[in-house]
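The primary structure of each chain is shown beneath.
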Amino acid sequence: MTCTSSFLFSLRVSVGLQLAKRSVKILTLFAIFGFVLLAPKSISADPITLAPSSASLNTTAGGTVIFTGQITNQTGVPLSALDLFLNFSGFDPAVVTIEQLLGDPDFLLPNNTFSQVVNLYSVTVAANAPPGTYTFDVFIQDVNDNFSNSVTVSVVVSPNAVPEPTTLLLLITGLVGTRIAHSKLRRRS
Amino acid sequence: MFLLAPAPRFSTVAPGLLNSDGQLTVSLPILNIGTADAANVRVTKISLGSAVRRSPAGLPLPLGILPVNGTASISPRFNTTGLLVGGKYLLSVQGTYEANNLTSGFAINRYIVLPAPSQSPVVYLKAHVDVAVQPGIWTYTIFNDEPVGSTQFIALFSLEVGSPFTVTGVPVGWEVETDNVSYALWVASDQQSPYPHHIPPGGSLGGFQIQSSKIGSESTGYLVAAWNHQLDQAGLVSPDLVLSPGKSV
């Protein structure tokens, strides 16, 4: 091996090593970028977080359901429940009436803490509401104009339960049978 | 991951509050912080705890278009009877809007603290207007709520209207000017003192009437103005809201 070829060989090795290092760096950056993109949304740093206990509740026409949930305060200051306001949109105004319950009763929510499961709001469904699923969006705003994530929730209106004729017949037959058996036992005794 | 459809979202900012003359006036800005414009925004319910609402006396109250990052303001008034200074009460505003070819509902809430009573920076005429609504007919009665002995006599009633109409009622001693589309202006026709057709303090006058092919009502602005009989010059005014033929109903 000549001096020139030896030099060229070492140059190739050096360049190869540098390219390998650069590739590792690029791959690391891609990995970090990918992690940020694909990370679950729950790690997002909303100053207030609204976590409903259930995203959907069932009722019948004319019924009222109460949504409960927890609130996390990361605003940097303590809050009371009376500092928290619920805002709603996207609901069917002919079917759904929503009332804020949060704040009654009042409670304290220090910074970096989460509340117990509390009543958030009630949803009353119109008496003439047809069966179906009624969705709406809700978020919390605080007195310092911090906003929570927006949550889509729903109320499922089921048809009013009416006993089927066969079920009623079975029930009546059973009751009559019980009555007859009871009478026979009484006569024997 | 998925993309959410653009939609309006409503919020509020800290309202202006004035506790004066036994009434709380709330100046509440309503914001669209969503990603789509809200058209035909109408307020259908305003409440403050269990307080009696004095204004607007009738709803709905049209707010028009609320674009993204746009603001509209409402100024409801409530009786303070039964409310405690320093107490927190839930102000709730509900309504409807149109977006994505769909009419939807919104509800916004805010606890407010009742401030101590203070003097209003602007002195308004003490007056109010009642309306009797029959299908297609709106009849107004003006009340001069100034204390007996006041020099403020009502001499003008201007009404904003949202749809075409005709004036069908003018009280005796009054005359009307209108474009039959957007306003009606009734004025007492007295030219010289003692102005016998002005509405005196403690008095009232009915018979201001309009008709429209629109059946539904919505809250629109009005102005009642007084003539100061002592100084023989224009007096105080009282702006507020009252039901009139609706633009969108």
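Residues numbered from 1 in each chain as written. Chains lettered and ligands numbered in written order. Predicted model: local features only at pLDDT ≥ 70, side-chain atom pairs only at ≥ 80, totals over all residues. Heavy atoms only, no water.

1. Comments concerning the pattern of salt bridges
Pairing between side chains becomes possible if they bear opposite charge and their charged atoms approach one another. Evaluated as defined, the whole model comprises four salt bridges over all chains. Put simply, A:Asp83 and B:Lys88 hold a salt bridge, and the shortest N to O gap is 3.2 Å. Pair noted here: A:Asp83 is in the loop between strand S4 (79-80) and strand S5 (84-91) and B:Lys88 is in strand S9 (residues 88-99), and the two residues belong to different chains. Take A:Asp83: its relative accessible area is 14%, and that puts it in the buried class. (Salt bridge = Lys/Arg side-chain N within 4 Å of Asp/Glu carboxyl O. Helix = DSSP H or I, 4+ residues; strand = E, 2+ residues; numbered from the N terminus. Buried < 20%, exposed > 50% of the residue type's maximum accessible area, 1.4 Å probe, protein only.)

2. Structural notes on the sheet that holds strand S4 (residues 38-48) of chain B
Ordered in space as S2(A)-S11(A)-S10(A)-S5(A)-S10(B)-S9(B)-S4(B)-S6(B), the eight strands form an open sheet in which the pairing is mixed. One side of each edge strand has no neighbouring strand; the edge strands of this open sheet are strand S2 (56-60) of chain A together with strand S6 (61-66) of chain B. Strand-to-strand twist across the sheet, computed as the mean angle between neighbouring axes with direction ignored, equals 25 degrees. In the sheet, S5(A) pairs with strand S10 (residues 132-142) of chain A via six bridges, with the strands oriented antiparallel. In the strand pairing of S10(A), A:Leu86 is matched with A:Ile140. (Pairing = 2+ DSSP bridges. Axes fitted to C-alpha atoms, helices over the stretch in contact; angles between N-to-C directions.)

3. Focus: the confidence of the model for chain B
Per-chain confidence: chain B averages 95 in pLDDT, with 98% of residues scoring 70 or above. Interface confidence for the predicted complex, expressed as ipTM, amounts to 0.91; the pTM equals 0.81. (pLDDT = per-residue confidence, 0-100.)

4. Observations concerning a nonpolar patch on the surface
Residues and elements named next belong to chain B. Where nonpolar side chains cluster on the molecular surface, the patch consists of Val122, Tyr124, Leu223 and Val237 and spans about 310 Å² of accessible area. Turning to its location among the elements, Tyr124 is positioned in the loop between strand S10 (102-113) and strand S11 (127-134). Accessibility expressed as a relative area gives 43% for Tyr124, which makes it partly exposed. (Patch = residues over 30% accessible without salt bridge, like charges linked within 9 Å, V, L, I, M, F, W, Y side chains within 5 Å. Areas by Shrake-Rupley, 256 points an atom, 1.4 Å probe, with all protein chains shown as cover.)

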